Amino acid sequence: MRVRLEVPATSANLGPGYDSYGLALDIVDTLSLTVHDAAVDPHRCVEVTGEGAEVLPRDGSHLIMRIIGEVLDSEFPAVAAELRPRLSLECDNRIPHSRGLGSSAAAVVAGIGLAAELGAWSTGVELSRDRILEIATAVEGHPDNAAPAIFGGLTVSLSEPVKSWQVPVRTIEAVTVLVPSFRLDTEVARGLIPAGIDHAIAADNSARAGLLVHGMSNDSQVLYEATRDQLHQEFRRGAYPESMALVDALRADGLPAVVSGAGPTVLVLAEAVPDALVAEGFVAQRTAIDLGGYRVSREI
Ligand SMILES: Nc1ncnc2c1ncn2[C@@H]1O[C@H](COP(=O)(O)OP(=O)(O)O)[C@@H](O)[C@H]1O
Ligand SMILES: N[C@@H](CCOP(=O)(O)O)C(=O)O
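Residues numbered from 1 in each chain as written. Chains lettered and ligands numbered in written order. Predicted model: local features only at pLDDT ≥ 70, side-chain atom pairs only at ≥ 80, totals over all residues. Heavy atoms only, no water.

Points about the domain arrangement of the chain
Next up, step 1: Looking at the assigned domains, one finds that the chain contains domain 1 (2-166 + 290-299) and domain 2 (174-288).
Next up, step 2: Between domain 1 and domain 2, the C-alpha centre-to-centre distance is 26 Å.
Next up, step 3: The interface of domain 1 with domain 2 comprises 25 residues on the first partner and 38 residues on the second.
Next up, step 4: Regarding the contact of domain 1 and domain 2, the summed buried area is about 2,200 Å², with carbon and sulfur atoms giving 59% of it.
Next up, step 5: Considering only the side of domain 1, the residues that lose the most area to domain 2 are Pro16, Tyr18 and Arg99, jointly responsible for 30% of the buried surface there.
Next up, step 6: Scanning the region where domain 1 abuts domain 2 turns up two salt bridges.
Next up, step 7: The salt bridge partner of Arg183 is Glu51, with a shortest N-O separation of 3.5 Å.
Next up, step 8: Applying the counting criterion to the domain 1 and domain 2 interface returns 16 residue pairs in polar contact (both at pLDDT 80 or more).
Next up, step 9: Ranked by residues supplied to the side of domain 1 that touches domain 2, first place goes to strand 2 (residues 17-35) with eight residues. (Domains from an automatic or database assignment. Contact = heavy atoms within 4.5 Å. Buried area = accessible area lost by both parts, 1.4 Å probe. Salt bridge = Lys/Arg side-chain N within 4 Å of Asp/Glu carboxyl O. Polar contact = N/O pair within 3.5 Å; in protein donor to acceptor, adjacent residues only side chain to side chain. Helix = DSSP H or I, 4+ residues; strand = E, 2+ residues; numbered from the N terminus.)

Now the structure itself:
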């Protein structure tokens, strides 16, 4: 028995929607989980091609394998001990790591989705996508990447209680990501956010977050005003100065540019960016919006 799963990259925040807004992108990791007849070598149960192939572990400490094991234990305890030693995983990774494109959320969602499919096959019990979001949010600490990876499109999510809604995207079909070669660990970037925030800033961000929904659904002309943020990007400027310089230059040219997630990738809510504006060290890529979230299928 084999389960195949494709999971999209995601861009969180979109400017004003810190820890709540996210967009699924057509940059996809493909995973294949095999259930063998007998136990496999636990030190060599994972194969990786593409992003991270040189550094990711090949044993049960691999993030996706670890999540599969934890979800089998917690959600499908009757079959977990019998299944876990017989699993091997193949990963074909396309989502860049530590660039603000939701690679860790994609890995976590993939692990839960694979475990859910395996659990359903062996017990008949289905995990809903809402439950998968709850589990992924508990692991990630925020729902904004996991929600679009699960449901697709543009999502607005709450952390308490964990809940997410899809917002129809009608004004744009694709966006541009400008991906640098340098990395920033999301945990490090989260450590730069202050605990409290000025009331006027919160009010301004709230207005722009509402406007962003209007911009994505009805009127792309408002996307420039809608994407200004004061909740997170400025506090992190010192951690990604090149990205903020690029955001500033793109915005000076009238483009709705923001830092993607915790950075350092820059996201522009437009299908193209003039070549002259692409700063050295960044690679511009047009990417369609993924509308369905992760896809899973069984091969028996
Ligand atoms: N497909 C994957 N398989 C295994 N580990 C992964 C995968 N994707 C991400 N990770 C882990 O997550 C780390 C990146 O997480 P993070 O700093 O949150 O960045 P991102 O913004 O890309 O989510 C990687 O260095 C790696 O340890
Ligand atoms: N809201 C989070 C989003 C992190 O996204 P990632 O793709 O950088 O992991 C934050 O801004 O910290």
